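Overview (structure and organization)
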Amino acid sequence: MTLLTGHGFWNPLLWLAAAAGVTLLALVVWSRGRRDYTRGTDRELPFLSGEKMEGAHVGGGHLYWGFVEGLRPYVERLRALHSGLVNDYVGWLVVILAVAFLIVLVGG
Amino acid sequence: MIGNTPFVVCMVLVLLGLWALLFRRNLIKVVIGIKIVENGVNLYLVATGYVRGGIVPIYTYAPPDAAMVLPTPQALTLTSIVIGLATTALMLAFVVVIHRHKKTLDGRKVTELSG
Amino acid sequence: MNLAAHAPILAVAVPLLGAFALPLWAKLRPSLRDLWLVLVAGATAALTVLVAVQVYTVGIQVYTLGGAWPLDTLAPGGFPIRIVLAVDALSAFMGLITALVAVVGFAYAWRYLVEDEGKTLALTLGTLLWAGMLGMAFTGDLFNLFVFFEVTSIAACGLVGYRTWASRGPEAAFKTMVMYTVGGLFVLLAIALLYGEYGALNLAYLARQITGSVVDRIALALLLGGLLMKAGAVPLHMWAPDAYGEAPAQAVILLVANTQISLYALFRVLFTLYGGVADPAIGWLVVALGTLTLLVAALMAVVQMDLGRLVAFGAVSQIGYMLLGVGVGLTAIAARPAYGLVAIQGGIFHMLNDAVAIGLLFLAVGAVEKAAGNRNLANLGGLGHDLTWTTGFFLLGSLALAGIPPLNGFASKLMIYQSSFLLSPILSALAILASILLLAVFVKAFQGAFLGPKLSQPKPVPVPMLVAMGVLALGVLALGLFPELVVRHLVAPAADALWTGRDLYLRAVLGR
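What you see is a predicted model, and the numbers here were worked out from it, not measured in a lab.

What follows is about the overall build of chain B. When helices and strands are counted, chain B shows three helices and zero strands. Secondary structure of chain B in N-to-C order comes out as α-α-α. Against the 2.2 N^0.38 benchmark of 13 Å for 115 residues, chain B shows a C-alpha radius of gyration of 19 Å, more extended than a compact globule. The buried share of chain B, reckoned over its 115 residues, is 37%. Considering only contacts within chain B whose residues lie at least 6 apart along the sequence, 52% involve residues at least 24 apart. Accessible surface, chain B: about 6,500 Å² in total, of which carbon and sulfur atoms supply 69%. When the 10 basic and 4 acidic side-chain charges of chain B are each reduced to a single mean position, those positions are 12 Å apart.

Right under this line is the structure:
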């Protein structure tokens, strides 16, 4: 059942057993938590950056906002390459062909 | 040297077609560029099968000791031409549909899908 | 008639002829068409499985067209002029992937496609695409590789653009078609160069004759360009997100299988055809392109707001893992066969995992589009309240694709990470980084589309679509929990076929 992967190995059933153990541990820790927690009060509401409005939804564009914004300068350059112009698409094919020619004729 | 002329012509055709593909913005001209590349390749295929002084490769009519040109490249070229017909027809059909929607054939304005 | 001997050609011929009969049945009655499709798809899948069983138990299957006997590959005099189908373990493996994807896709399409929106067209083109893919996987000579390459191109672009009432589909189809055709012409030019030099098209014969001359090298560069383009390696991938984004969901998973078949053709060329004159620089080119593919596509997926396009970039990024795995194998196998083999196994195993996981994701996106009416992440939200199953399937698919244990993407990615670590630790680091990016992207998409308060009442997802997704979800779980069985029985023979199986392949076709 164990898959050898060069340096190491991988056995999903072993992993599942380990995961079950960790879950059990987490449950034990959780069961020793505070008893004075009450259901059905404000404590159950999700905290959405202080947003009080009912039914507020963090849309797909907003999750990981900082992460995406951090990457944006790099990604915008990549996006500019996806111009949607069919000539550019063919241009990239010519570039790759040129690289391949360089490698097979000069490099190898 | 002179025997290589067909191959040089083929490569010139391929490069011409590529030039059209790279620098012509009109979608119809892009398709024409593809056709030029294709004709260059087809010509190359036929040229590889040519035998100097060879005759048509049909056994029934051939004199006993005649040299024949190779039939395989001709069969390949025929197949390739048929495939080219299908691809060209399909591409032109898409161009017609694009023109119907966008009222333009300028590739720079047909960039709804980008980024 | 000996069915087992004729199975390879029947597996190609049945869907090819069956596809063209579909519109005729549809003229009579749509239900007859569906019945016919079930027959054709069932027969093709059964034949593919039969071929695969033969290959895995007996050995390489060779079929000669026009010969008196299927095994008569050489004309009198020992020169291979006949058209040959040669199915080794890798071809059979690819055939199995296409069969799985196509059967699931058709089951999904039954209720996904709308009758008066070109359902017959989509089913016909889908069957044709399947036939072309099987042909590409099974063929034993280069020219038929080109012919089936173009069959898949035409069918695939038809599938992308047949919905002519919208403007985006034909636009994507046109761009894809231009790329496919130019790539195909370079492949044809390479084949013509090889034919001009050796006077043959038979892959095995060429592989034995090839000397690595300048013409051979030019042909290799042209083949690389054309096949990498069809496989969607960055920076030749630009058509892929357009096409995946605009094609109907059941067609997208066929398109994904099509990129994998092109990768198969690339590997066949690199290992079998050019295996005798292998050049490590080519291996490095494949590795570099693979790394570029998985990183750039994952980065591009981060900023996408259209759910279909987002998953499409995820699909492109997976191609990078396969290229990386097999590229590492190509570079390392001569010096260290054990690690090279693990890398190739990882790359090939990832093809199956990717077909199942990304197929599940694309089908789930199709279900979301059908249920909610749009795919824009800015407008979606709270679908998890009603589409319980679809939500689960999307989550399962995205976790599998991001390589979270114990799902199926993890095992193959682990093999790729570890073997590329041997070549350079930077490669593994970049591959893991891309996986993390993908996880973030999919968590974001999942949260945006399925979690949160209910925004609107989606339509229910038809049961056949759920069943199709369920089959793939079971595949994700099964491949994830029992990777060793799959690798030992399916993947390892396929990986062996590329490297140690080369001589067997040549001997099976040429007879000596």
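From this point, the discussion proceeds with the structure in view.
This part covers the overall build of chain C. Per the secondary structure count, chain C includes 19 helices and two strands. Each principal axis of the C-alpha distribution contributes one length, and for chain C these read about 75 × 60 × 40 Å. The buried share of chain C, taken over its 512 residues, is 68%. When contacts within chain C are restricted to residue pairs at least 6 apart in sequence, those whose partners lie at least 24 apart make up 80%. Taken as a whole, chain C presents about 14,800 Å² of accessible surface, with 70% of it coming from carbon and sulfur. Here chain C contributes 25 positive and 21 negative side-chain charges, whose respective centroids are spaced 3 Å apart.

Next up on the list: the nonpolar core. Side chains of a nonpolar character, in soluble globular proteins, are inclined to be buried together. Counting residues in each nonpolar core, the largest one holds 257 residues, and the members touching the most others are C:F174, C:V178, C:Y244, C:L273, C:F362 and C:M469. Those residues within four positions of C:F174 in sequence are excluded, and the remaining contacts are A:V86, B:L27, B:V30, B:V31, B:M91, B:F94, B:V95 and B:I98.

Bringing the interface of chain B and chain A into the picture now. Listed by partner, the interface residues are 16 residues for chain B and 11 residues for chain A. Across the interface of chain B and chain A, roughly 900 Å² is buried in total on both sides, 66% from carbon and sulfur atoms. Put simply, chain B and chain A have zero salt bridges between them. Connecting chain B to chain A are two residue pairs in polar contact (both at pLDDT 80 or more). Mapped by element, the contributors of at least two residues to the side of chain B that touches chain A are helix 1 (5-23) and helix 2 (27-48) of chain B. Top element by residues in the side of chain B that touches chain A is helix 1 of chain B. It accounts for five residues. Each residue belonging to the side of chain B that touches chain A can be placed in one class, and the counts come to nine nonpolar, four polar and three charged.

On to the packing of helix 9 (residues 239-246) of chain C against helix 12 (residues 307-332) of chain C, then. Residue and element names in this part refer to chain C. Two elements in contact, helix 9 and helix 12, have axes separated by 8 Å at closest approach and are oriented at 130°. Judged on the interaxial angle alone, helix 12 and helix 9 are oblique. Note that helix 9 runs across helix 12; the crossing there is right-handed. Contact residues: A240, P241, D242 and Y244 in helix 9; R309, A312, F313, A315 and V316 in helix 12. Grouping the amino acids of the contact of helix 9 with helix 12 by side-chain chemistry returns seven nonpolar, no polar and two charged.

It is worth spelling out unusual backbone geometry at this point. For residues that are not glycine, phi is negative in most cases, and the peptide bond is trans in most cases. The omega angle of the peptide bond from C:V234 to C:P235 is 0°, so this bond is cis rather than trans. Mapped onto the elements of the fold, C:P235 is located in the loop between helix 8 (214-231) and helix 9. Following C:P405, the chain continues to C:P406 via a peptide bond in cis, the omega torsion being 0°. Mapped onto the elements, C:P406 comes out in the loop between helix 14 (388-401) and helix 15 (408-423). At B:K103, a residue that is not glycine, the phi angle is positive and equals roughly 60°.

Contacts between the two partners involve 46 residues from chain A, matched on the other side by 61 residues from chain C. When the two sides are added together, the surface that chain A and chain C hide from each other amounts to roughly 4,900 Å², 81% of it contributed by carbon and sulfur. Taken together, the connections running from chain A to chain C amount to zero salt bridges. There are five residue pairs in polar contact (both at pLDDT 80 or more) connecting chain A and chain C. For the side of chain A that touches chain C, the secondary-structure elements that each account for two or more residues are strand 1 (3-5), strand 2 (8-10), helix 1 (12-31), helix 2 (65-81) and helix 3 (86-107) of chain A. Here the side of chain A that touches chain C takes 13 residues from helix 3 of chain A, the largest share from any one element. In terms of residue class, the side of chain A that touches chain C is built from 31 nonpolar, 13 polar and two charged.

Right, let's get into the packing of aromatic side chains. For the structure on display, the rule yields 14 aromatic pairs over all chains. An angle of 55° between the planes, with centres 5.8 Å apart, marks the rings of B:W19 and B:F23 as tilted. Taken as a pair, B:W19 and B:F23 lie in helix 1 at a separation of four residues, close to a single helical turn. For B:W19, a relative accessible area of 44% translates into the label partly exposed. Their ring planes at 70° and their centres at 5.7 Å tell us that C:Y244 and C:F362 sit as a pair that is edge-to-face. With a gap of 118 residues between them, C:Y244 in helix 9 and C:F362 in helix 13 (residues 337-372) connect regions that are remote in the sequence. Of the two residues, C:Y244 and C:F362, neither departs from the other in class, the shared state being buried. Here the guanidinium or amino end of C:K230 rests over the ring plane of C:Y180, the centre of that ring lying 4.7 Å away.

Calculation rules
- Residues numbered from 1 in each chain as written.
- Chains lettered and ligands numbered in written order.
- Predicted model: local features only at pLDDT ≥ 70, side-chain atom pairs only at ≥ 80, totals over all residues.
- Heavy atoms only, no water.
- Helix = DSSP H or I, 4+ residues; strand = E, 2+ residues; numbered from the N terminus.
- Rg over C-alpha atoms; globule rule 2.2 N^0.38 Å.
- Buried < 20%, exposed > 50% of the residue type's maximum accessible area, 1.4 Å probe, protein only.
- Contact = heavy atoms within 4.5 Å.
- Areas by Shrake-Rupley, 256 points an atom, 1.4 Å probe, with all protein chains shown as cover.
- Lys, Arg positive; Asp, Glu negative; His and termini not counted.
- Charge placed at Lys NZ, Arg CZ, Asp CG, Glu CD.
- Core = buried A, V, L, I, M, F, W, Y, C linked by side-chain atoms within 4.5 Å.
- Buried area = accessible area lost by both parts, 1.4 Å probe.
- Salt bridge = Lys/Arg side-chain N within 4 Å of Asp/Glu carboxyl O.
- Polar contact = N/O pair within 3.5 Å; in protein donor to acceptor, adjacent residues only side chain to side chain.
- Nonpolar A, V, L, I, M, F, W, Y, C, P; charged D, E, K, R; others polar.
- Axes fitted to C-alpha atoms, helices over the stretch in contact; angles between N-to-C directions.
- Parallel < 35°, antiparallel > 145°, perpendicular 65-115°, else oblique.
- Left-handed = near helix turned anticlockwise from the far one by under 90°.
- Phe/Tyr/Trp six-rings, centres within 6.5 Å; stacked < 30°, edge-to-face > 60°.
- Lys NZ or Arg CZ within 6 Å of the ring centre and 35° of its normal.

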